[in-house]
Amino acid sequence: MNFDQILKARRSVRVYDENAGFDSQIVTKSLERSVLSANSSNMQLWEFYQISSEEKKKKIVRACMHQSAARTASELVVFVTRHDKWKKRAAWNLANMEKQFVGKEITSKDKRALNYYKKLMPLFYTNDFLGIATLIRFLIVSYHTIIGKPIIHLITHADQRVSLHKTCALAAQTFMLSMKSENYDTCPMEGFDERIIKRILNLPASAEVCMVIACGIGKSEGIYGPRTRVPNDEVIFKV
Ligand SMILES: Cc1cc2nc3c(=O)[nH]c(=O)nc-3n(C[C@H](O)[C@H](O)[C@H](O)COP(=O)(O)O)c2cc1C
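Every value quoted in this text rests on a predicted model; they were computed, and no experiment measured them.

1. Quick look at the site of the ligand
Close to the ligand lie Arg 10, Arg 11, Ser 12, Arg 14, Gln 67, Cys 187, Pro 188, Met 189, Glu 190, Gly 191, Arg 227 and Arg 229, which account for all nearby residues. Contact between the ligand and Arg 11: an oxygen atom at 2.8 Å from a side-chain N or O atom of the residue. Here an oxygen atom of the ligand and a backbone polar atom of Gly 191 are 3.0 Å apart. Notes on the ligand: free accessible area 620 Å², of which the protein chains cover 66%. Residue composition of the shell around the ligand, by class: 3 nonpolar, 3 polar and 6 charged.

2. Comments concerning the domain arrangement of the chain
Domains assigned within the chain are domain 1 (3-83 + 170-222) and domain 2 (85-157). A separation of 32 Å is found between the C-alpha centroids of domain 1 and domain 2. With 10 residues of domain 1 at the interface, the matching set in domain 2 holds 11 residues. With both chains or domains summed, domain 1 and domain 2 bury close to 1000 Å², and 51% of this area falls on carbon and sulfur atoms.

3. Description of helix 7 (residues 132-146)
Structural remark: α-helix, 3.6 residues per turn; residues separated by three or four positions point the same way. For helix 7, which comprises 15 residues, the first-to-last C-alpha distance of 21 Å matches the rise-based estimate of 21 Å (1.5 Å per residue) to within 8%. For helix 7, the set of buried residues is Ala 133, Arg 137, Val 141 and His 144. Down the axis of helix 7, the sector holding all buried residues measures 65 degrees, keeping them to one side. Every exposed residue of helix 7 that faces more than 90 degrees away from the buried side is listed here: Tyr 143 and Ile 146. The elements touched by buried residues of helix 7 are helix 6 (108-125) and helix 8 (157-181). Backbone geometry just after helix 7 places Gly 148 at a positive phi near 75 degrees.

4. Some details on the packing of helix 5 (residues 86-101) against helix 6
Helix-helix packing: each pair is described by the crossing angle between the helix axes and the interaxial distance. Viewed as axis vectors pointing N to C, helix 5 and helix 6 meet at an angle of 175 degrees, and their least axial separation amounts to 10 Å. With respect to their mutual orientation, helix 5 and helix 6 come out roughly antiparallel. Residue-level inspection shows Trp 86, Ala 90, Asn 93, Leu 94, Met 97, Glu 98 and Phe 101 of helix 5 in contact with helix 6, the latter providing Asp 110, Ala 113, Leu 114, Tyr 117, Lys 118, Met 121, Pro 122 and Tyr 125.

5. Observations regarding helix 3 (residues 54-63)
Buried residues of helix 3: Lys 57, Ile 60, Val 61 and Ala 63, and no others. In a view along the axis of helix 3, the buried residues occupy a sector of 155 degrees, so they form one face of it. Looking at helix 3, the residues exposed on the side facing more than 90 degrees away from the buried face are Glu 55, Lys 58 and Arg 62. Tucked inside the fold, the buried residues of helix 3 contact strand 1 (46-51), helix 4 (68-72), strand 2 (75-81), helix 9 (194-200) and strand 4 (208-216). Looking one or two residues past helix 3, Met 65 carries a phi angle of roughly 55 degrees, positive in sign.

Reading guide: rules and limits
- Residues numbered from 1 in each chain as written.
- Predicted model: local features only at pLDDT ≥ 70, side-chain atom pairs only at ≥ 80, totals over all residues.
- Heavy atoms only, no water.
- Near = heavy atom within 4 Å.
- Polar contact = N/O pair within 3.5 Å; in protein donor to acceptor, adjacent residues only side chain to side chain.
- Areas by Shrake-Rupley, 256 points an atom, 1.4 Å probe, with all protein chains shown as cover.
- Nonpolar A, V, L, I, M, F, W, Y, C, P; charged D, E, K, R; others polar.
- Domains from an automatic or database assignment.
- Contact = heavy atoms within 4.5 Å.
- Buried area = accessible area lost by both parts, 1.4 Å probe.
- Helix = DSSP H or I, 4+ residues; strand = E, 2+ residues; numbered from the N terminus.
- Expected span 1.5 Å × (residues − 1).
- Buried < 20%, exposed > 50% of the residue type's maximum accessible area, 1.4 Å probe, protein only.
- Arc of directions from axis to C-beta.
- Axes fitted to C-alpha atoms, helices over the stretch in contact; angles between N-to-C directions.
- Parallel < 35°, antiparallel > 145°, perpendicular 65-115°, else oblique.

Next comes the structure, spelled out in structure tokens:
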């Protein structure tokens, strides 16, 4: 299938053929493709859980309120955001960058790149009990707004969460398109009890479940109707 055919063939399928053969390796391969997705500042604050244990799958189906896509899926994958890993990932990016600069004279452009992970990432991702980091971000953003200089309005924990979920959702889309390219069907789900899933996967309090994706060979009755979209001119604008 070419890209257009993959896009057109991907549908949210809610009933899977439980007797059809299923190659788990295709899920693994698709997750390996997902890590190539665009992500904010290459911080990769995501995790993907391929549920291979039958016992865990049963528990997650229950957390997905027994909805049919989850219940009949051959496999489930959980897409998770990990705000708590920001220090580790900033250090990883910084170390990578420093390696590239070994034996080279550091230019002001290189310094800016290094400071991106040394100073800017801590400014974006730090949260503290007293809200001091949020206050600092608020003051910086307010100052820029007053003097009319553009700035990212990333201030609160909610702003950070939006950024993390954007990144994770892009990985989920890569995953679904990859699965379709291998002739497998998927269904993204946000209908689940996040607290239960976090407990099943032993995730820390700050982790968030972005989506659970059901995978399998879809049955024709698993497509609930023709694909409908509002007219393009309601959502696509050339300005
Ligand atoms: C973030 C998100 C959450 C979704 N949650 C569910 C869900 O819980 N259950 C479900 O059956 N479908 C769910 N869907 C699938 C959508 O209903 C579906 O993508 C939409 O109707 C368009 O249909 P299509 O995917 O076949 O093009 C979800 C999709 C997205 C992107």
